[in-house]
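Notes for the structure review
Residues per chain, in single letters:
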Amino acid sequence: MAALMPRGYRSVTEYRFREEQADAIVRVASYHRKDYCYSVIWFSPREHVGIRPSIATPFQRTCNTELGSFDRLPLELLHDVLLRLDMYSLFNFRQTNLGSRRMVDSLKQYQMVVSHGLNLLCALLRTRLANSISLFEFYDALCTKACTLCGEFGGFISLLTWTRCCFKCLQEAPETQVQSLAFTRKQLRLTKAEIRQLRSFKTLPGIYSMEDSVRKSRITVVSIRQAILVSGRHPHGQAYAPLAKTGRDNKFNFMGSCALPYYARRTGKVEHGMSCAGCQLAIEKNIIGCRSEKWAFEARDKVYAQDSFLEHFRWCEQAQLLWKSSSEGNKKPPELPEGARRRGYFKDKQ
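On a predicted model such as this, the values are computed, not experimentally measured, just so you know.

**Let's talk about the side chain of Q177**
Its place among the elements puts Q177 in the loop between α11 (167–172) and β4 (178–180). Within the structure, Q177 has its side chain in polar contact with the side chain of N253 (distance 3.0 Å).

Written out as structure tokens, the structure reads:
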């Protein structure tokens, strides 16, 4: 593959750098694609300003209230019970009294979820799916780095199947395909009994997909994969094509998912995923992509965890040029591409 790469894209030799330079290299030569996060269920940070303190901190006053029968349980067992509660029940339990609030707030898993997964928590509550996901499942997803379908960095959760996935799999993988209940029912001839077995929710009004599609009405959606498994009927040929429409054409995939960063338990570091500014620069310089090669745009659109990005950087000539022109992190590189400056291509939703 390396022999087929255009000159100026892949470096001839591996670039070596010191470990202490890693953070500066990431700051200079990578960027976070905000347009990906804006294309799915998303809430403005302003909406969280008044919410975050109330759901993450206990009241600063003496607590004399009791938890009834829960007080008889050993602390470790009580914590285990709370971890297994679904998020809706946990949310209600926390509001019972000062004691329950303090007990829930003492859980590290809860603190990490409300600190780093607040968008997803709001999505679960507003779609009424919070009663199907436990605190343990939420925290486990938060601590999962890789897409469960392809192994790349997974920055998203498909709500109906609770699948950690990358942006590419969110759009294209059969496991993440979402469709309206009305259309799915017609295509698969679902019975009322079968429909009751499906997890579903009403979509939230908003702007979705990479085409900024405005959706105002609320539509009940289901997972195509779950519907096929429940019904036992798998459409083929022309009947399957409209049901499993994939990619950017299926807006329901975006309406049924939410971004979620990765939390590393061992280090406490949070990663939102990063794309290579060097690959974006190579596109803008027509080093790659000038013949509309699919692999070139996939390279530009790929999202990395920090460790995998640094491995990519060792061989990305344009990313190395950005690093060198920044005086090794001491100034902004003059050729920083427009896509990296804007952190993707989108209309500002703030």
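**Here's the deal with the nonpolar core**
Counting 66 residues, the largest nonpolar core has L120, L124, F138, L159 and W162 as its most contacted members. Take this core: its biggest share by element is six residues, from helix α9 (residues 118–127). Residue contacts for L159: discarding those within four places in its chain leaves I41, L120, L124, L129, R199, F201, G256 and S257. Within the second largest apolar cluster, 25 residues are counted, among which are F17, A22, A29 and A299.

**Quick look at the packing of aromatic side chains**
If you walk through the whole model with that rule in mind, you get 11 aromatic pairs. On the basis of an interplanar angle of 80 degrees and a centroid distance of 5.5 Å, the ring pair of Y15 and F313 is categorised as edge-to-face. Here Y15, found in the segment before α1 (22–29), pairs with F313, found in helix α19 (residues 306–313); they are 298 residues apart in sequence, far enough to count as distant. A relative accessible area of 17% places Y15 in the buried class. Among the residues examined, F313 registers a relative accessible area of 0% and is labelled buried. Here Y139 and Y263 contribute two aromatic rings whose centre-to-centre distance is 6.5 Å and whose plane-to-plane angle is 50 degrees, an arrangement assigned as tilted. Here Y263 lies in strand β10 (residues 262–263) and Y139 lies in helix α10 (residues 135–142), a separation of 124 residues in the sequence. Per residue, the accessibility class of Y139 equals that of Y263, and both read buried. Following the ring pairs from residue to residue traces out a cluster consisting of Y15, F17, Y304, F309 and F313. The ring of W315 has R10 lying over it, and the distance from NZ or CZ to the ring centre is 4.4 Å.

**Remarks on the packing of α1 against helix α20 (residues 317–325)**
Orientation of α1 relative to α20, taken along the N-to-C sense of each, is 105 degrees, at an axis distance of 9 Å. Looking at the two axes, α1 sits roughly perpendicular to α20. Along the contact surface, α1 presents A24, I25, V28 and A29, while α20 presents A319, L322 and W323.

**Digging into the pattern of salt bridges**
Summed over the entire model, instances satisfying the criterion amount to 17 salt bridges. Across the salt bridge formed by E172 and K168, the nearest N and O atoms sit 3.1 Å from each other. Here the residue E172 and the residue K168 both occupy positions in helix α11, the gap between them amounting to four residues, near one helical turn. A relative accessible area of 40% places K168 in the partly exposed class. Each of the salt bridges in this network shares a partner with another, and the network as a whole consists of R33, D35, R300 and D301.

**Describing α1**
Of all eight residues making up α1, six are buried, and the element is well covered by its neighbours. What α1 keeps buried is the set A22, A24, I25, V26, V28 and A29. Where α1 is buried, its residues meet β1 (30–31), β12 (275–276), α17 (277–284), α19 and α20.

**Quick notes on the sheet that holds strand β8 (residues 220–223)**
Taken together, three strands build an open sheet; the order of strands is β4-β8-β5 and the sheet is antiparallel. Both edges of this open sheet fall to β4 and β5 (200–202), since each of them pairs with a single strand only. Shown here is a sheet whose adjacent strand axes are inclined to one another by a mean of 35 degrees, direction ignored. Pairing between β5 and β8: three bridges, direction antiparallel. Note that in β8 the partner of K202 across the bridge is T220. Strand contacts of helix α12 (residues 181–188): β4 and β8, with the helix running at about 90 degrees to β4, the strand carrying the most contacts.

Parameters at a glance
Residues numbered from 1 in each chain as written. Predicted model: local features only at pLDDT ≥ 70, side-chain atom pairs only at ≥ 80, totals over all residues. Heavy atoms only, no water. Helix = DSSP H or I, 4+ residues; strand = E, 2+ residues; numbered from the N terminus. Polar contact = N/O pair within 3.5 Å; in protein donor to acceptor, adjacent residues only side chain to side chain. Core = buried A, V, L, I, M, F, W, Y, C linked by side-chain atoms within 4.5 Å. Buried < 20%, exposed > 50% of the residue type's maximum accessible area, 1.4 Å probe, protein only. Contact = heavy atoms within 4.5 Å. Phe/Tyr/Trp six-rings, centres within 6.5 Å; stacked < 30°, edge-to-face > 60°. Lys NZ or Arg CZ within 6 Å of the ring centre and 35° of its normal. Axes fitted to C-alpha atoms, helices over the stretch in contact; angles between N-to-C directions. Parallel < 35°, antiparallel > 145°, perpendicular 65-115°, else oblique. Salt bridge = Lys/Arg side-chain N within 4 Å of Asp/Glu carboxyl O. Pairing = 2+ DSSP bridges.

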